[in-house]
Amino acid sequence: MKDFNASLYPLARGWYQLSDVNITYYYMKFMPGWPEQYVVGRFRARDPGWSARLVAVSRAGNPGGTYAISLGGQPQITDQQDAGPFVPTTAQLVWTTATTGRYSVLARAIFQQGGITAWQWVNFTAEPMQRLYQQTFSCGVSSISESFNWCSSVQYNYGWTGASNTTLINLPYQVVTYGPEAWVEVSSSVGNPAPSLRLLVDGANSDLYGVAALVIDLTALGQVSTASTFSIEHLYGWIGGDTRNNIAYLEFKVRRPDGSVVKLYLVRDDGILTTQIFDVVEGTATAVCSYSVGSGPGSCPAGHVVIRLGTLSTSWSTFYSGSIDSYVGIGVVEKIALVAVDRFSGRNKWRADFFVYWDNFAINGWSCTLSSNVATYTRGQSLTQVYVDPRNSPSTPPSLATEVDAYGNTGNVNDDYGYAVAVYRLPAPIPAAGTAISVRGLYQRDSNDASNNAAFVSVGVDTNGDGAVDMEYIYYRTDGTTYAIVSSFINPGQLICAGACADTTQFKFIALGSMASENSYAWSISLGETPGAVLGVAFGVVDASGYADGASDDFWVFWDDLTITYSACGLPSGWSASGKYAWQSNNYLLATGSVVVYRGLVPNALTYLSNFTGVGAFAVFDSSFNVIFGVFKTGSSFSALCGPSAVALGTLPAAKYVELRPLNGFGDVIIRDQSGAVLARYGCTYSTTPQYVGYKTDAGQILKAYSIETWG
């Protein structure tokens, strides 16, 4: 009997034909040019004592290489040999070939016991496989360039030409008065040039105060930055009997980047007595704090900043011209009010009143808004904030600004640290591997600020494919030995480093050196072979301790010229992914995190051949993406996979290709070198129906497949 190794069907198979002459056929498909070896059958006798040999009778075809057919470990027929010695049965029939073309050998199988000899015909035919499918991968380089140019120009000029007492100004407005003798009106005869807006007021209320105000809504102009220039002219006068304890002021309602509101009062006065500041921008006149004419405000509550500019002018002059960010920090001016307040009264209009004419109101600046893909996190004193700065930049304004003053002043970093962090979310995840990031940061600190500052760029990477950052790569600079760093993605604002930064399973620190005020620095980041996907980039500053009011003791970093370079394209036609992170990238297919990237099995395919590097599996999967059989690779170490089991194949530094052969319930795994020589081989049986072939990675793994070919 000549048994057949059915597990290798249809790669190698055998059959017999009974007619006038009993003939057995052995047939094998081979990878052209690469060595193949199979136990294609065995010779088995009915009774003990039989021996067998093979004798070649004829040959056909053009093998283009060497081959050998052995019986019981003894060569019988080769490309140079026609017969071999008798060997005892039962004997394995081993066929080895390293050929390129189709060939056949017709042989006699001769059996002998004692004086009895018998023979049968045996035909060996080998045929090269044909390439049925080939896929290489390619993708160009893309980039995200961000100059943080999130500002638009604001230009507004108004001189009250065309205004009337029914339309005081061409922006949304509200008239606010307090007391019976307060008038807000247009003067057609007075102005610089005429007309102008007139506020006329007497302190005729029961508490002897009077307020006249025009509240102007600026939101129609956009989000007007406090860094813009605001200017207006005025002319002051009074009527006989007025006690001249008069103030006029501009009130600004400012919303800071954190959403808090601060109100600024820029005041000019005349006289010597005490009066009050009134808040009018909310639609009613509400007393805020006392004001001494000639010297300034008393104690005003938090959120109300009163600044004395000087005296009122009895000839046309500038009331104020400049930005207001030095008083209240960067923010958005939502409303501005022109206000006059009088104390003490003389009844009736134009009796003991005072008046202010306003003209040539102008705004020259910017409307700046953080992009919707930027999240901010802050902790610290009043001006700790993230905003778009239209005037400062390491290159060309505007820039993304992070300003911070410490939260506490105890000297204990764990209690005192303050931070301002801007998280720039990418439009879509990109592969961390091969990605480069560059950005510039201009560092400035107030003269009262101590050198205990850190500035950093944090790259947020998802390593497991769940859509959330679980690894931060933090590139930082400091200006002293005392500093702190916080998390930007995993636990925003959590203190993760105070003075000595050590890597953990979630945070990796890369020190880039020192920084000095008024200098700009480049953050140049190459992520190399980092597994996972980049979800965002954060820009942060941390003040370790110490604070003061306003901008005193603060420091800033102005970020600009962000460039992210990467390679990520969609999967080739016919390929899909179960999981998030699989792309064509550069000249390879990239799989990382928890993902299976796959395609359907190719009809009539006998073997799948792939060249890949990194950590992960090349496998045949069932319909639920469970591994039926395959290879797991990490560096130069290989393991054969059989369902959930793994068998170590060893360290194979010369390995170049992995071959998977799903053969009639038998999974054949072959590791080959550059020339196709077999370095390791393993096989296992399976009962599940193969559905897909592809690659699989788990959390923290990255695999690069450069090609896959299918032969059959």
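Heads up: the structure comes first, above all this text.
Residues numbered from 1 in each chain as written. Predicted model: local features only at pLDDT ≥ 70, side-chain atom pairs only at ≥ 80, totals over all residues. Heavy atoms only, no water.

Engineer: Pulling in residues and values, what's your account of the layout of surface pockets?
Structural biologist: The computed volume of the largest pocket comes to approximately 490 Å³. Along the walls of the largest pocket sit 17 residues, with Met 1, Lys 2, Arg 44, Phe 111 and Gln 120 positioned nearest its centre. The set of elements that each furnish at least two residues to the lining of the largest pocket consists of β1 (2–4) and β11 (116–128). For the lining of the largest pocket, the leading source of residues is β11, giving 3 residues. Grouping the constituent residues of the lining of the largest pocket by class yields 10 nonpolar, 4 polar and 3 charged. (1 Å grid on protein atoms, 1.4 Å probe; cavity = no way out; pocket = protein on both sides within 12 Å on 5 of 7 lines; lining within 4 Å. Points joined across faces, edges and corners; volume = space filled by probe spheres on them. Helix = DSSP H or I, 4+ residues; strand = E, 2+ residues; numbered from the N terminus. Nonpolar A, V, L, I, M, F, W, Y, C, P; charged D, E, K, R; others polar.)

Engineer: Account for unusual backbone geometry, with residues named and values stated.
Structural biologist: That bond from Tyr 9 to Pro 10 is cis: its omega, 5°, falls within 30 degrees of zero. Structurally, the position occupied by Pro 10 is in the loop between β1 and β2 (12–17). Here the bond from Pro 397 into Pro 398 is cis, since omega is 5°, no more than 30 degrees from zero. By the element assignment, Pro 398 lies in the loop between β30 (385–389) and β31 (399–404). In this model, Asn 360 sits at a positive phi of 55°, which is unusual for a non-glycine residue. Inspection of the secondary structure puts Asn 360 in strand β28 (residues 354–368). On the basis of relative accessibility, which here comes to 29%, the residue Asn 360 falls in the partly exposed class. If you check the backbone angles, Asn 664 has positive phi at about 50° while not being a glycine. For Asn 664, the position within the fold is in the loop between β50 (655–663) and β51 (666–673). (Buried < 20%, exposed > 50% of the residue type's maximum accessible area, 1.4 Å probe, protein only.)

Engineer: Which residues make up the state of the cysteines, and what are the values?
Structural biologist: Counting across every chain of the model gives 5 disulfides. Covalent S-S linkage joins Cys 497 and Cys 501, the inter-sulfur distance amounting to 1.8 Å. Between Cys 497 and Cys 501, the disulfide has an S-S torsion of -80° and is therefore left-handed. Ordinal numbering of bonded cysteines along the protein defines a disulfide pattern of 1-8, 2-5, 3-4, 6-7, 9-10. (Disulfide = S-S within 2.5 Å.)

Engineer: Please give an account of the side chain of Asp 353 that cites residues and values.
Structural biologist: Tracing the chain through its elements places Asp 353 in the loop between β27 (332–343) and β28. Although Asp 353 is buried, it makes no salt bridge; Lys 349 carries the closest opposite charge, 7.6 Å away. (Lys, Arg positive; Asp, Glu negative; His and termini not counted. Salt bridge = Lys/Arg side-chain N within 4 Å of Asp/Glu carboxyl O.)

Engineer: Mind laying out the nonpolar core, listing which residues take part and the relevant values?
Structural biologist: Judged by nonpolar contacts, the single largest core of 72 residues is most densely connected at Tyr 424, Val 459, Phe 539, Trp 559 and Ile 564. Those residues in contact with Ile 564, other than ones at most four positions away along the chain, are Ser 142, Ser 143, Ile 144, Leu 426, Ile 430, Thr 435, Ala 436, Ile 437 and Val 537. One finds Leu 171, Val 254, Ile 324 and Leu 338 within the second-largest nonpolar core, a separate group that totals 43 residues. (Core = buried A, V, L, I, M, F, W, Y, C linked by side-chain atoms within 4.5 Å. Contact = heavy atoms within 4.5 Å.)

Engineer: With reference to specific residues and values, describe the sheet that holds strand β22 (residues 274–279).
Structural biologist: The strand order across the open sheet built from 3 strands is β22-β23-β24, with neighbouring strands paired in antiparallel fashion. Here the strands that pair on one side only, and so sit at the sheet edges, are β22 and β24 (296–297). In terms of strand pairing, strand β23 (residues 286–292) meets β24 through 2 bridges, oriented antiparallel. The residue bridging Ser 292 from the neighbouring strand is Gly 296, located in β24. (Pairing = 2+ DSSP bridges.)

Engineer: Quick one: what's the story with the side chain of Asp 389, residue by residue and with numbers?
Structural biologist: With respect to the secondary-structure elements, Asp 389 resides in strand β30. Here Asp 389 occupies a buried position and makes no salt bridge, while the nearest side chain of opposite charge, Arg 391, is found at 4.9 Å. Contacts of Asp 389, omitting those with residues within four sequence positions, involve Ile 330, Pro 398, Ser 399, Ala 401 and Phe 558.

Engineer: For the pairing of strand β6 (residues 66–71), give the residues involved together with the corresponding values.
Structural biologist: Bridging between β6 and strand β9 (residues 91–98) involves 6 bridges; their strand directions are antiparallel. Each bridged residue has a counterpart across the sheet, and for Ala 68 the counterpart in β9 is Thr 96. Direction of pairing for β6 relative to strand β7 (residues 74–78): antiparallel, over a ladder of 4 bridges. Across the sheet, Ala 68 pairs through a bridge with Thr 78, a residue of β7.

Engineer: Can you lay out the environment of Ala 375 for me, pointing to particular residues and giving the numbers?
Structural biologist: Among the secondary structure elements, Ala 375 is positioned in strand β29 (residues 374–379). Owing to a relative accessible area of 27%, Ala 375 belongs among the partly exposed residues under this scheme. Sequence separation of Ala 375 and Ala 422 is 47 residues, and the distance between their C-alpha atoms is 5.8 Å. Ignoring anything within four residues of it in the chain, the contact list for Ala 375 reads Val 421, Ala 422 and Val 423.

Engineer: Before we move on, could you go through the sheet that holds strand β34 (residues 453–462) and cite the residues and values that matter?
Structural biologist: Reading across the sheet, the 6 strands line up as β29-β32-β40-β34-β35-β38 and stay open at both edges, with mixed pairing between neighbours. The open sheet is flanked by β29 and β38 (507–514), the only strands paired with a single partner. Strand-to-strand twist in this sheet, taken as the mean axis angle between neighbours without regard to direction, amounts to 15°. Judged from the 10 bridges that link them, β34 and strand β40 (residues 533–543) form a sheet pairing that is antiparallel. When the bridges of β40 are listed, Val 459 appears paired with Val 537. (Axes fitted to C-alpha atoms, helices over the stretch in contact; angles between N-to-C directions.)

Engineer: So what's going on with the environment of Tyr 521? Which residues, and what values?
Structural biologist: The topology assignment puts Tyr 521 in strand β39 (residues 519–526). Separated by 82 residues in sequence, Tyr 521 and Val 439 have C-alpha atoms that sit 8.5 Å apart. Not counting the four nearest positions on each side in its chain, Tyr 521 is found in contact with Val 439, Arg 440, Gly 441, Arg 477, Ser 514, Met 515 and Ala 516. A polar contact is formed between the side chain of Tyr 521 and the backbone nitrogen of Ala 516, at a distance of 2.7 Å. (Polar contact = N/O pair within 3.5 Å; in protein donor to acceptor, adjacent residues only side chain to side chain.)

Engineer: Explain the pattern of salt bridges residue by residue, including any values.
Structural biologist: Using the criterion set out here, one finds 24 salt bridges in the structure. In this structure, Arg 661 and Glu 36 form a salt bridge, with 2.8 Å as the shortest nitrogen-oxygen distance. One end of the pair, Arg 661, is in strand β50; the other, Glu 36, is in strand β4 (residues 36–43), and 625 residues separate them in sequence. Note that Asp 82 and Arg 59 form a salt bridge whose closest N and O atoms lie 2.4 Å from each other. Residue Asp 82 is found in the loop between β7 and β8 (87–88), and its partner Arg 59 is found in strand β5 (residues 51–61); the two are separated by 23 residues along the sequence. Among the residues examined, Asp 82 registers a relative accessible area of 43% and is labelled partly exposed. Assessed through its relative accessible area of 35%, Arg 59 is described here as partly exposed.

Just distances and angles here, no functional claims.
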